[in-house]
Amino acid sequence: MDREALLALVPRLRAYALALSGNRTEADDLVQEAVLRLLAATTVPAGEGLRPFAFTTLRNIRISALRRRTAEQRAVGDILAVSETAAAPRPESALTADAMIALLQKLAPALREAVILVGAHGLSHAEAASICGVAEGTMKARVSRARARLADLARADHR
C-alpha cells in the first residue's frame, strides 16, 4: 500500500464524501472509514488503480450506511406498529415511539443491529449472523445483551 498516494487522495475523497452526504461530519466519517479499510486491505491496486479503488470503497461504505439506517428506521416503525396493535399495555410499561427510538440509540451499534434484525425483522439468529458476518452464537449473545440492556434502560427511564 502506497501510503503517500493514499494521503494525497484524502482531499479528493473528502470532497466526494461531502458531495455524497451533504454533511461535513458524515463526510469526515466516511473518509476515515474508507482510509482505514484501504490501509487494512490485503490487495490494493498500485499507481493509477488506487484512485478508482478508493472512490469505490468510499461509495460502498456510504451505500452500506444508508441501507443500515433505512433498515433501522423501518425496524423501529415495525416495532412500534406491533406494539400499537398488541393488547393495551400497563401505563407504567408503555413506551412512546420517541422513547423507543431513544432507547435503541443508546445501544451499541452491534447490539442495536442484532436486536433490530432478530426482534423487529423476525430473522433467525443464523440469518442475522450471516448478514453481520459473525458466528450464530455471537448473534445470540448480542440479541440477549441488547434485550437486557433495553429492559434496564426502560426501567431507568420510568423511575
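Residues numbered from 1 in each chain as written. Predicted model: local features only at pLDDT ≥ 70, side-chain atom pairs only at ≥ 80, totals over all residues. Heavy atoms only, no water.

Caption draft 1: Fine view of the packing of helix 1 (residues 3–21) against helix 2 (residues 24–40). Running from amino to carboxyl end, helix 1 crosses helix 2 at an angle of 145 degrees, the nearest separation of the two axes being 8 Å. Crossing of helix 1 against helix 2: the hand is right-handed. Residues Arg3, Leu6, Val10, Leu13, Arg14, Ala17, Leu18 and Ser21 of helix 1 form the contact with helix 2, whose own contacting residues are Arg24, Glu26, Ala27, Asp28, Leu30, Val31, Val35, Leu38 and Leu39. Of the residues that constitute the contact of helix 1 with helix 2, the class distribution is eleven nonpolar, one polar and five charged. (Axes fitted to C-alpha atoms, helices over the stretch in contact; angles between N-to-C directions. Helix = DSSP H or I, 4+ residues; strand = E, 2+ residues; numbered from the N terminus. Left-handed = near helix turned anticlockwise from the far one by under 90°. Contact = heavy atoms within 4.5 Å. Nonpolar A, V, L, I, M, F, W, Y, C, P; charged D, E, K, R; others polar.)

Caption draft 2: Layout of the packing of aromatic side chains. For the coordinates displayed, the defined rule picks out one aromatic pair. When the centroid spacing of 5.3 Å and the interplanar angle of 55 degrees are considered together, the rings of tyrosine 16 and phenylalanine 55 count as tilted. Highlighted residues: tyrosine 16 in helix 1 and phenylalanine 55 in helix 3 (residues 50–85), separated in sequence by 39 residues. (Phe/Tyr/Trp six-rings, centres within 6.5 Å; stacked < 30°, edge-to-face > 60°.)

Caption draft 3: Here's a closer look at the nonpolar core. With 15 residues, the main nonpolar core has Leu6, Leu9, Leu13, Ala17, Val31, Ala54 and Leu58 as its most contacted residues. A per-element tally of this core places helix 2 first, with six residues. Those residues in contact with leucine 9, other than ones at most four positions away along the chain, are Leu50, Arg51, Ala54 and Phe55. Of all hydrophobic cores here, the second largest spans 14 residues; its members include Met100, Leu104, Leu111 and Leu153. (Core = buried A, V, L, I, M, F, W, Y, C linked by side-chain atoms within 4.5 Å. Buried < 20%, exposed > 50% of the residue type's maximum accessible area, 1.4 Å probe, protein only.)

Caption draft 4: Quick peek at the layout of surface pockets. Considered as a void within the structure, the largest pocket measures approximately 370 Å³ in volume. The set of elements that each furnish at least two residues to the lining of the largest pocket consists of helix 2, helix 3 and helix 5 (109–120). Among the residues making up the lining of the largest pocket, the classes are represented as four nonpolar, two polar and eight charged. (1 Å grid on protein atoms, 1.4 Å probe; cavity = no way out; pocket = protein on both sides within 12 Å on 5 of 7 lines; lining within 4 Å. Points joined across faces, edges and corners; volume = space filled by probe spheres on them.)

Caption draft 5: View of the environment of arginine 149. Within the secondary structure, arginine 149 sits in helix 7 (residues 136–157). By relative accessible area, arginine 149 is classed as partly exposed at 39%. On a C-alpha basis, the gap between arginine 149 and leucine 107 in space is 7.5 Å, while along the polypeptide they are 42 residues apart.

Caption draft 6: Examining the environment of glycine 119 more closely. Mapping glycine 119 onto the fold places it in helix 5. Taking C-alpha positions, glycine 119 is 8.1 Å from valine 143, a pair spaced 24 residues apart along the chain.

Caption draft 7: Spatial organisation of the pattern of salt bridges. Inspection of the entire model under this criterion finds five salt bridges. Taking the shortest distance from any N to any O, the salt bridge between aspartate 28 and arginine 14 comes out at 2.5 Å. With a gap of 14 residues between them, aspartate 28 in helix 2 and arginine 14 in helix 1 connect regions that are remote in the sequence. Since its relative accessible area comes to 31%, arginine 14 is described here as partly exposed. (Salt bridge = Lys/Arg side-chain N within 4 Å of Asp/Glu carboxyl O.)

Caption draft 8: Representation of helix 1 in the model. For helix 1, built from 19 residues, the straight-helix expectation of 27 Å at 1.5 Å per residue is met to within 8% by its first-to-last C-alpha distance of 25 Å. For helix 1, every residue scored as buried is listed here: Leu6, Leu9, Leu13, Ala17 and Ser21. Looking one or two residues past helix 1, glycine 22 carries a phi angle of roughly 75 degrees, positive in sign. (Expected span 1.5 Å × (residues − 1).)

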